[in-house]
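Analysis of the macromolecular model
One-letter residues, chain by chain:
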Amino acid sequence: MKTRILLTALVVFAGINVSAQSHKANVEKSTVKWTGTKVVGSSHDGFIKLSEGELEVKDDKIASGQFVIDMNSITNTDLDNKDYNQKLVGHLKSDDFFGVATYPTAKLEIRKASAFNNNKASVKADLTIKGQTKPIAFEVEKKDNAYVASIVVDRTLYGIRYGSGSFFDNLGDKAISNDFTLDVQLVLE
């Protein structure tokens, strides 16, 4: 009798695990592109590398996921002048923005997602930047072994207020939008 109960429990447990699939992110093929804009419309962009990540899919739905972004890897791709490029990247790494010396990583943890409908799903997650964790929501699209999302982040929620018209007066054309965008292409192994 005990053997039959144990076998039944193992079969049920095995059946549950078969439907859940955990996938590691391919950090070399995955991309995270950032874009920040000034209020007057000019912009800067570049990339940040994913240092690790894992996505669990169960019953055609994202069950969970955790991704770590290496903030030291931030680059700029729109400035050709090497000096200006290095100056911008240094400023982004400074305490005015991401404080990379103190906070070398950012993290996204998926908490809940809708089922995929036409390869698209709504995701709710927690995003941690500069040691502050805030909820965030975005849409994700499944494309073969990749998941693509455009995530709009209000930087002021994470204490990044430099150049924000919400906190400083008389910035004129130097005012920087509170929102920046992360265009993510997560490639799974």
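Just above, that's the structure.
Attention here is on the structure that accompanies the text. Please read these numbers as outputs of a predicted model, since none were measured by experiment.

A closer look at the packing of aromatic side chains
Throughout the structure, instances matching the rule amount to two aromatic pairs. Ring geometry for F98 versus F180: centroids 5.9 Å apart, planes at 85 degrees, classification edge-to-face. Of this pair, F98 sits in the loop between α2 (82-93) and β5 (105-113) while F180 sits in strand β9 (residues 176-187); the two residues are 82 residues apart in sequence, bridging distant segments of the chain. F180 gets classed as buried once you look at its relative accessible area, which sits at 9%.

Details of the layout of surface pockets
Of the pockets and cavities examined, the largest pocket occupies roughly 670 Å³. If you trace the largest pocket, you find 27 residues lining it, with H44, L88, H91, F97 and I176 closest to the centre. Mapped onto the lining of the largest pocket, the elements with two or more residues apiece are β2 (31-38), β3 (43-58), α2 and β9. Partitioning the lining of the largest pocket into residue classes produces 13 nonpolar, nine polar and five charged.

Digging into the environment of T35
Examined against the element boundaries, T35 turns out to sit in strand β2. Exposure remark for T35: the relative accessible area of 22% places this residue in the partly exposed category. Through-space distance from the C-alpha of T35 to that of F180 is 5.7 Å; in sequence the pair is 145 residues apart.

Looking at empty space enclosed by the protein
Under the defined criterion, the tally for this structure stands at two cavities of 30 Å³ or more. In this structure, the largest cavity occupies an estimated 260 Å³ of space. Considering the residues around the largest cavity, the lining is formed by 20 residues, among which F67, L108, F138, I151 and V184 are closest to the centre. Of all the elements, strand β8 (residues 146-154) adds the most residues to the lining of the largest cavity, at five residues. Along the lines of polarity and charge, the residues of the lining of the largest cavity split into 20 nonpolar, no polar and no charged. One number sums up the size of the second largest cavity: a volume of about 70 Å³. Lining the second largest cavity, in full, are I48, I69, M71, F98, A106, L127, I129, F180 and L182. Of all the secondary-structure elements, those providing two or more residues to the lining of the second largest cavity are β6 (120-129) and β9. The residue makeup of the lining of the second largest cavity, split by class, is nine nonpolar, no polar and no charged.

Reading the values: the criteria
Residues numbered from 1 in each chain as written. Predicted model: local features only at pLDDT ≥ 70, side-chain atom pairs only at ≥ 80, totals over all residues. Heavy atoms only, no water. Phe/Tyr/Trp six-rings, centres within 6.5 Å; stacked < 30°, edge-to-face > 60°. Helix = DSSP H or I, 4+ residues; strand = E, 2+ residues; numbered from the N terminus. Buried < 20%, exposed > 50% of the residue type's maximum accessible area, 1.4 Å probe, protein only. 1 Å grid on protein atoms, 1.4 Å probe; cavity = no way out; pocket = protein on both sides within 12 Å on 5 of 7 lines; lining within 4 Å. Points joined across faces, edges and corners; volume = space filled by probe spheres on them. Nonpolar A, V, L, I, M, F, W, Y, C, P; charged D, E, K, R; others polar.

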